[in-house]
Amino acid sequence: EYMGKRLLCSLDSVKFLNYLSMEEENLRELSKAMEVLQRAKAYLQELGALETLDTADFYNNVAVVYQTGKELQSAYSYFEKARAIYQIYSEERPERYGFVLHNMARICLSWQKYSEAMWLENQAEKWIRKGNIHRLGNIYDVRAECYSASWKNIYEVWSKNPQNMELKRQMDDAVLNEWECRKQAVELKEKYCPEWKNEIILSKSNRACTAAFLGKFAEAKVEIQEVLEFYKSTTEEDSVEVGSTYSRMCLVYEKCQEYEQAYEYGEQAVRILKKRGALCREELDCAESNLMLVRRYIGG
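Residues numbered from 1 in each chain as written. Predicted model: local features only at pLDDT ≥ 70, side-chain atom pairs only at ≥ 80, totals over all residues. Heavy atoms only, no water.

1. Focus: the overall build of the chain
What counts is decided by this rule: Labels follow the DSSP assignment, with helices taken as runs of H or I lasting at least four residues and strands as runs of E lasting at least two, numbered in each case from the N terminus. For this measure, only C-alpha atoms enter the radius of gyration; the expected value for a globule follows 2.2 Å times N^0.38, where N is the number of residues. Exposure is judged per residue with a 1.4 Å probe applied to protein chains only, and the accessible area is read against the type maximum: over 50% gives exposed, under 20% gives buried, and values in between give partly exposed. Contact definition: two residues touch when any of their heavy atoms are within 4.5 Å. Methods summary: accessible areas were calculated by the Shrake-Rupley approach with a probe of 1.4 Å, and residue burial reflects only the protein chains presented. The sign given to each residue is positive for Lys and Arg and negative for Asp and Glu; His and the chain ends receive no count. Working definition for charges: the position is that of NZ of Lys, CZ of Arg, CG of Asp or CD of Glu.
Regarding its fold elements, the chain presents 13 helices and zero strands. When the elements of the chain are put in sequence order from the N terminus, they spell out α-α-α-α-α-α-α-α-α-α-α-α-α. At 21 Å, the chain has a C-alpha radius of gyration in line with the 19 Å of a compact globule built from 300 residues. Projected onto the principal axes, the alpha-carbon positions of the chain cover approximately 75 × 45 × 35 Å. By residue count, 45% of the 300 residues in the chain fall in the buried class. When contacts within the chain are restricted to residue pairs at least 6 apart in sequence, long-range pairs at least 24 apart make up 62% of them. For the chain, the computed accessible surface area is about 15,800 Å², with 50% contributed by carbon and sulfur atoms. Between the centroid of the 42 positive side chains of the chain and the centroid of its 48 negative side chains there is a distance of 2 Å.

Pasting the structure below:
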């Protein structure tokens, strides 16, 4: 009886620590998140739990922490471990299997393996639709990024040969597919997980940038301002989220040809992101690139 209670306590501890690790990851306290996961690992070893959903959650969370820390190869390896276990329970909990495939697709996106990412997302959607579909909108976020990369790659070739109408058609199709995916991401999240405000806002931020590119300027400005107001009310003033939003506002207002305002937002983005350290290197590079683009229009 004692051992039974102890094992139940250990199992509850694993569940709690798995949850706590993601809270620490959300705060970008990655070392603390990994410490929490090491404690979860000790309980799992005590339980002898090798192929349980809790073990799969553990592997998935380790992968998420590595992914946030830009250690993508380690992240992908742990996602694969999680996928192997989730697959065993795929009929029982299909959405978990689908979402780990989505997480793997995000890594492929970072590696610019766009065809592989799209294939994984197609598989992920099938499984998520079989179960809890709250995460369905995330699928369309990644698909949009794949289409975005596609038309940008085509543009590089087409710009050297603008008479090629077939390339122009392919590029236009990819742009429209990106826009449809951006809209779907927001609409699906608002429909199936309205309480997950951070998820919705992230997709709205992406949609605002695409809207600006397509010349939907009023819509883009309203949406990106909504994103900024949300982060200012829910995070600290100099958070990564605020800095990254200023960077996107720089891009949006540049497309709107409001260059002075764009430059001001770009400066804010660079100032904030420089404070946040190595984990924001990519975001800072993007912000500095946006600022340089605007500087061409205003001089200096």
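2. Some remarks on the pattern of salt bridges
This is how it is decided: Salt bridges are defined as contacts in which a side-chain nitrogen from Lys or Arg sits within 4 Å of a carboxyl oxygen from Asp or Glu.
Within this structure, the stated rule accounts for 21 salt bridges. One salt bridge connects Arg 129 with Glu 125, and the closest N-O pair in it is separated by 2.8 Å. Highlighted residues: Arg 129 and Glu 125, both in helix H6 (residues 114-130), separated by four residues, approximately one helical turn. Salt-bridge contacts for Lys 189 lead to Asp 141; the nearest nitrogen and oxygen are separated by 2.6 Å. Linking Lys 189 in helix H8 (residues 165-192) with Asp 141 in helix H7 (residues 136-158), this pair joins segments that are 48 residues apart in sequence.

3. Examining helix H5 (residues 94-110)
How we decide: What a helix is expected to span follows from its residue count: subtract one and scale by 1.5 Å.
With 17 residues, H5 should cover 24 Å at 1.5 Å per step; its first-to-last C-alpha distance of 25 Å lies within 8% of that length. When you tally the buried positions in H5, you get twelve out of 17 residues, the bulk of the element. Residues of H5 that are buried include every one of Pro 94, Glu 95, Tyr 97, Gly 98, Val 100, Leu 101, His 102, Asn 103, Met 104, Ala 105, Ile 107 and Cys 108, and no others. Phi turns positive one or two residues past the end of H5, at Gln 112, with a value near 65 degrees.

4. Side note on the nonpolar core
Heads up, the condition is: Working definition of a nonpolar core: buried Ala, Val, Leu, Ile, Met, Phe, Trp, Tyr and Cys residues. They are joined through side-chain atoms within 4.5 Å.
Formed by 46 residues in total, the largest nonpolar core has its most connected members in Phe 58, Phe 79, Tyr 86 and Leu 101. When contributions to this core are tallied by element, the ones reaching two or more residues are helix H1 (2-26), helix H2 (30-47), helix H3 (53-68), helix H4 (72-88), H5, H6, H7 and H8. Considering each element in turn, this core owes the most residues, eight residues, to H3. Sequence-distant contacts of Tyr 86, that is, excluding residues within four places in its chain, are made with Leu 53, Ala 56, Asp 57, Asn 60, Arg 96, Tyr 97 and Val 100. If you look at the next biggest cluster of nonpolar residues, it comprises 32 residues, including Ala 211, Ala 220, Tyr 231 and Leu 284.

5. Digging into unusual backbone geometry
In the Ramachandran plot, Gln 112 falls in the positive-phi region, its phi being about 65 degrees despite a non-glycine side chain. By the secondary structure assignment, Gln 112 is in the loop between H5 and H6. With phi around 65 degrees, Gln 257 is a residue other than glycine that occupies positive phi space. Residue position: Gln 257 is located in the loop between helix H11 (240-255) and helix H12 (259-275).

6. Some remarks on the layout of surface pockets
As a reminder, the rule being used: Here a cavity denotes grid points, spaced 1 Å and computed from the protein atoms alone, that fit a 1.4 Å probe unable to get out, and a pocket denotes an open set having protein on both sides within 12 Å along at least 5 of 7 lines; residues with an atom within 4 Å of a point are the lining. Grid points are joined across faces, edges and corners, and a volume is the space filled by probe spheres set on the points.
Here the second largest pocket defines a volume of roughly 230 Å³. If you go around the second largest pocket, you meet 14 residues; those closest to its centre are Lys 41, Leu 44, Gln 45, Phe 58 and Tyr 59.

7. Observations regarding the environment of Ser 203
Relative to the helices and strands, Ser 203 is located in helix H9 (residues 197-213). The class for Ser 203 is buried, based on a relative accessible area of 1%. Beyond its immediate sequence surroundings of up to four residues, Ser 203 is in contact with Asp 141, Ala 185, Val 186 and Lys 189.

8. What to know about the packing of H2 against H3
The condition is simple: Axis definition: a line fitted to C-alpha atoms, over the contacting stretch in the case of helices. Angles run 0 to 180 degrees between N-to-C directions. Our angle categories are set so that under 35 degrees counts as roughly parallel, over 145 as roughly antiparallel, 65 to 115 as roughly perpendicular, and the remainder as oblique. Crossing handedness is read from the near helix: turned anticlockwise from the far helix by less than a right angle, it gives a left-handed crossing, and turned clockwise, a right-handed one.
Packing of H2 against H3 leaves a shortest axis separation of 10 Å and a crossing angle of 160 degrees. Comparing their axes, H3 and H2 come out roughly antiparallel. Of the two possible hands of crossing, H2 and H3 adopt the one that is left-handed. On H3, the residues that touch Leu 30, Ala 33, Met 34, Leu 37, Ala 40, Lys 41 and Leu 44 of H2 are Thr 55, Phe 58, Asn 61, Val 62, Val 65, Tyr 66 and Thr 68.

9. Thoughts on the confidence of the model for the chain
We count it as follows: pLDDT is defined as a per-residue confidence score from the predictor, taking values between 0 and 100.
The share of residues in the chain with pLDDT of 70 or more is 93%, and the mean pLDDT across the chain is 88. Every residue in residues 1-8 is under pLDDT 50, and counting partners more than four places away or in other chains gives three contacts.

10. Some points on the side chain of Asn 206
Tracing the sequence through the fold places Asn 206 in helix H9. For Asn 206, a relative accessible area of 9% gives the class buried. Residue contacts for Asn 206: discarding those within four places in its chain leaves Asp 141, Glu 145, Arg 182 and Arg 248.

11. Things to note about the environment of Ala 212
If you trace the backbone, Ala 212 turns up in helix H9. With 133 residues separating them along the chain, Ala 212 and Phe 79 place their C-alpha atoms 35 Å apart. Here Ala 212 is in contact with Phe 217, Ala 220, Val 252 and Lys 255, once residues within four sequence places are set aside.

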